[in-house]
Amino acid sequence: MTFDLDNYESLVGRVAIDDIDFDSFRHSPLRPEVLRCLRYMHDVEHHTVCYLRDLLVTSVHKDPEITGFLTFWNFEEYWHGDAIGRVLGAHGEPRGPERLGPMRAARRIKDRVGPMLHALGSSIAGPSFTAVHMTWGALNEWTTQAGYARLGQRAGHPVLSELLRRIMRQEGRHIDFYAGQAAARLDGDRRAQRLTRFALTRFWNPVGADVMPEPEVGHLIRYLFGDNDGSEVAARIDRRVDRLPGLAGLGLVERARLRYAA
């Protein structure tokens, strides 16, 4: 299915929160284990701009359709982080720059090296590197949307569930783009398939694992995907990856689930 960028442009916007009763969290606060997941999601959503930076130093920047999408994607992801931050704020927790400043300061060296590595990889791999990024993006969006769904189910808080449902709707459009691009760029291109299999097998980890402390990654995976329902969700995502050209049998999400949920 071809992604309609013009239609997407007409739908882009801040996630609707004007009618969300954030005061309800003061009267009916979330459990500590749920808040811990939300801190993770807040930080990762706000880190999207750094992922965008790494993408734009590769050959991806030459494709006007991709860069157009990425502009809107980054905008919506920022407001996802802001909305989650409002939930944290209602619990008296730091959010926004107060949380992000220390996190980015601690990554100063990694953030200098990351763009250089992406640029080098793109120069060596050529156009096939775009297939890696688009597939990586699809996998990250699939797992992110699934994580929001699982958190809404486990938290059992109607206001949080509604907010996450609205975020998930926008994430669904992001999935449509990345998955469509991945399928198109992998189809019939054996080099792109081999490169993508190699990159995912060797380097892919759950969203945020490269910026969040390992205990936080472990908590998120155990809480959202550690039970039988979570295992079924992981298997469903792996089946979606299997359907992409040349990527059958990777089992990436289940492997990560078992690693962190132990």
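That block above? That's the structure.
One structure accompanies this document, and this report is about it. (Residues numbered from 1 in each chain as written. Predicted model: local features only at pLDDT ≥ 70, side-chain atom pairs only at ≥ 80, totals over all residues. Heavy atoms only, no water.)

Comments concerning the packing of aromatic side chains
In step 1: All chains considered together, the criterion is met by 13 aromatic pairs.
In step 2: Judged by centre distance (5.6 Å) and plane angle (35 degrees), the ring pair of Tyr8 and Phe69 falls under tilted. Highlighted residues: Tyr8 in helix α1 (residues 5-11) and Phe69 in helix α5 (residues 64-90), separated in sequence by 61 residues. Like Tyr8, the residue Phe69 is buried in the burial classification.
In step 3: The interplanar angle of 85 degrees and the centroid separation of 5.9 Å between the aromatic rings of Trp73 and Tyr178 together place this pair among those described as edge-to-face. Taken together, the residues span a long stretch of sequence, with Trp73 in helix α5 and Tyr178 in helix α9 (residues 158-186) at a distance of 105 residues. Grouping residues by exposure puts Trp73 and Tyr178 together as buried.
In step 4: Here the aromatic cluster, defined as three or more aromatic residues joined through ring pairs, consists of Phe3, Tyr8, Phe69, Phe72, Trp73, Phe177 and Tyr178.
In step 5: Over the aromatic face of Trp79 sits the side chain of Arg14, whose NZ or CZ is 3.8 Å from the ring centroid. (Phe/Tyr/Trp six-rings, centres within 6.5 Å; stacked < 30°, edge-to-face > 60°. Helix = DSSP H or I, 4+ residues; strand = E, 2+ residues; numbered from the N terminus. Buried < 20%, exposed > 50% of the residue type's maximum accessible area, 1.4 Å probe, protein only. Lys NZ or Arg CZ within 6 Å of the ring centre and 35° of its normal.)

As for the packing of helix α3 (residues 32-46) against helix α11 (residues 214-225)
In step 1: The geometry of α3 relative to α11 is characterised by a closest axis approach of 10 Å and an angle of 120 degrees between their N-to-C directions. It follows that α3 is oblique to α11 by the angle criterion. For the crossing formed where α3 meets α11, the hand is left-handed. When α3 is examined against α11, the residues Glu33, Val34, Arg36, Cys37, Tyr40 and Met41 are found in contact with a partner set consisting of Pro215, Glu216, Val217, His219, Leu220, Tyr223 and Leu224.
In step 2: Split into classes, the residues belonging to the contact of α3 with α11 amount to nine nonpolar, one polar and three charged. (Axes fitted to C-alpha atoms, helices over the stretch in contact; angles between N-to-C directions. Parallel < 35°, antiparallel > 145°, perpendicular 65-115°, else oblique. Left-handed = near helix turned anticlockwise from the far one by under 90°. Contact = heavy atoms within 4.5 Å. Nonpolar A, V, L, I, M, F, W, Y, C, P; charged D, E, K, R; others polar.)

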